[in-house]
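Here's the letter readout for the chains.
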Amino acid sequence: MINRELNFRGNSPLLYLISTPIGNLDEFSPRAISVLNDIDYVAAEDTRNSGSLLNKFNIKKPFIMCHEHNEEEASTKIISLLKEGKSVAYMSDAGYPAISDPGERLVARCILEGIKVSCVNGSNAALCALVCSGLPTKHFYFYGFLPSKPSERRKELETLKNREDTMIFYEAPHRIDDTLKDMKNAFGGSRRASIGRELTKAYEEFIRGTFDELCEIDPETLKGEMVIVVDKAEATKKEYSEEDVANLLLENLKTMKSKDAIASVVKLTGMPKNAVYDIYLSIK
């Protein structure tokens, strides 16, 4: 039996996840400020960055360090405070907690302990870069950071080259040149992509082109955290042999009339109806 309770009703403790600005501090939402003013503790990935943000909005709260290397230990402390009736919010350095940032294990632990979780919306680098890329947005795949080891990165890109979704990657400036070259080799020089850098900041820039063109950019001019949005792969059309079509027809004929079996195979293969009919006659 699933236990249900509205997030803002009932007596169960609640952890707030606060999304933070990715560059422009004016994007910090009034709701985030209100929640942070009302809670008892702020858990943060880096108390220096979060402290600067809170100082800008005159918010004074005790901090709990919760980063990649101490998330399990910090989660235990946070859960204990929540069960004692204290209110806690978790913030990452920029963007959403748990999206290429710590927070995933904290959320999982809270849910396991019967603690509710609510997110205060805000800036997101992946979506910002996607909607400004000019590439298809109907279906997309968020990857995040690729492996830093070159051999692992190249192997991973090979597994992604035929995805028929727009793909979104995060990358740091010291790896951008190598990553673009590896993407060109995996996806092809003619594949379109967009680099979004310094998003929401004064030097925000979008660079759009093929990988052939992007790889010509002087890497010294690519500063700041970057989001690479890659166009989807073209759908590959499967080629069907006469034997394939014959086997499909035989399978369909087990449950369908001949007319329906032929129509089904025509739709699946894209072959001319008369060609499928000729194969049907050969196996009849």
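Reading the values: rules and limits
Residues numbered from 1 in each chain as written. Predicted model: local features only at pLDDT ≥ 70, side-chain atom pairs only at ≥ 80, totals over all residues. Heavy atoms only, no water. Phe/Tyr/Trp six-rings, centres within 6.5 Å; stacked < 30°, edge-to-face > 60°. Helix = DSSP H or I, 4+ residues; strand = E, 2+ residues; numbered from the N terminus. Lys NZ or Arg CZ within 6 Å of the ring centre and 35° of its normal. Core = buried A, V, L, I, M, F, W, Y, C linked by side-chain atoms within 4.5 Å. Buried < 20%, exposed > 50% of the residue type's maximum accessible area, 1.4 Å probe, protein only. Contact = heavy atoms within 4.5 Å. Axes fitted to C-alpha atoms, helices over the stretch in contact; angles between N-to-C directions. Parallel < 35°, antiparallel > 145°, perpendicular 65-115°, else oblique. Nonpolar A, V, L, I, M, F, W, Y, C, P; charged D, E, K, R; others polar. Expected span 1.5 Å × (residues − 1). Arc of directions from axis to C-beta. Pairing = 2+ DSSP bridges.

### Observations concerning the packing of aromatic side chains
Here is step 1: Tallied over the entire structure, the rule returns eight aromatic pairs.
Here is step 2: Ring centres 5.6 Å apart and planes at 35° place the aromatic pair Y143 and F169 in the tilted group. Pair noted here: Y143 is in strand 6 (residues 140-145) and F169 is in strand 7 (residues 166-171), with a separation of 26 residues, a long-range link.
Here is step 3: Among the aromatic residues, ring-to-ring pairing joins Y141, Y143 and F169 into one connected group.
Here is step 4: The ring of F57 carries K56 above its face, with NZ or CZ at 5.7 Å from the centroid.

### Points about the nonpolar core
Here is step 1: Core analysis: the largest hydrophobic core is formed by 20 residues, its most contacted members being F169, L180, M183, F187, F211 and V230.
Here is step 2: Only helix 6 (150-160), strand 7, helix 7 (176-187), strand 8 (192-197), helix 8 (211-214) and strand 10 (226-230) provide two or more residues apiece to this core.
Here is step 3: Among the elements that make up this core, the one with the highest residue count is helix 7 (five residues).
Here is step 4: Those residues in contact with V230, other than ones at most four positions away along the chain, are L135, D165, T166, M167, F169, M183, F187, R191, R192, A193 and F211.

### A few points about the packing of helix 9 (residues 242-253) against helix 11 (residues 273-283)
The axes of two packed helices give the description: the angle between them and the distance between them.
Here is step 1: Interhelical geometry of helix 9 versus helix 11 gives an angle of 70° and a closest axis separation of 10 Å. As summarised for this structure, helix 9 and helix 11 are arranged roughly perpendicular, according to the angle between their axes. Across from E242, V245, A246, L249, L250 and L253 in helix 9, the residues of helix 11 making contact are V276, I279, Y280 and I283.
Here is step 2: Among the residues forming the contact of helix 9 with helix 11, the class breakdown is nine nonpolar, no polar and one charged.

### A word on the side chain of S118
Here is step 1: As for its placement among the helices and strands, S118 is situated in strand 5 (residues 116-120).
Here is step 2: S118 gets classed as buried once you look at its relative accessible area, which sits at 8%.
Here is step 3: Ignoring sequence-local partners within four residues, the contact set of S118 consists of N7, F8, L14, L15, Y16, L17 and R31.

### Some points on helix 9
Here is step 1: Over its twelve residues, helix 9 extends 16 Å from the first C-alpha to the last, a length consistent with the 16 Å expected when each residue adds 1.5 Å.
Here is step 2: Considered for burial, the residues of helix 9 that qualify are V245, A246, L249 and N252. Looking down the long axis of helix 9, one finds its buried residues gathered within 130° of arc, a one-sided arrangement.

### A few points about the sheet that holds strand 6
Here is step 1: Across the sheet, which stays open at both edges, the five strands sit in the order 6-7-10-8-9 with mixed pairing between neighbours. Edge positions in the sheet fall to strand 6 and strand 9 (205-210), since each has one partner strand and no second. Sheet twist, expressed as the mean angle between neighbouring strand axes with direction ignored, is 15°.
Here is step 2: Where strand 8 meets strand 9, six bridges bridge the pair, whose relative direction is antiparallel. Looking at the pairing, S194 lines up with R208 of strand 9.

### Let's talk about the sheet that holds strand 2 (residues 41-44)
Here is step 1: Spatial ordering of the open sheet is given by 3-2-4-1-5, a layout of five strands whose pairing is parallel. Bordering the open sheet on either side are strand 3 (63-65) and strand 5, each of which pairs with just one other strand. Going across the sheet, the axis of each strand differs from the next one's by a mean of 25°, ignoring polarity.
Here is step 2: Pairing of strand 2 with strand 4 (residues 88-91) involves four bridges; the strand directions are parallel. Opposite A44, over in strand 4, you have M91 as the bridge partner.
Here is step 3: The strands touched by helix 2 (residues 47-56) are strand 2, strand 3 and strand 4; relative to strand 3, the strand with the most contacts, the crossing angle is about 155°.

### Describing the pairing of strand 1 (residues 14-18)
Here is step 1: Taking burial as the measure, the five residues of strand 1 include five buried ones, the bulk of the element.
Here is step 2: Going residue by residue along strand 1, you find L14, Y16 and I18 tucked away on one face and L15 and L17 tucked away on the opposite face as well.
Here is step 3: Pairing of strand 1 with strand 5 involves five bridges; the strand directions are parallel. Paired with Y16 across the strands is S118, a residue of strand 5.

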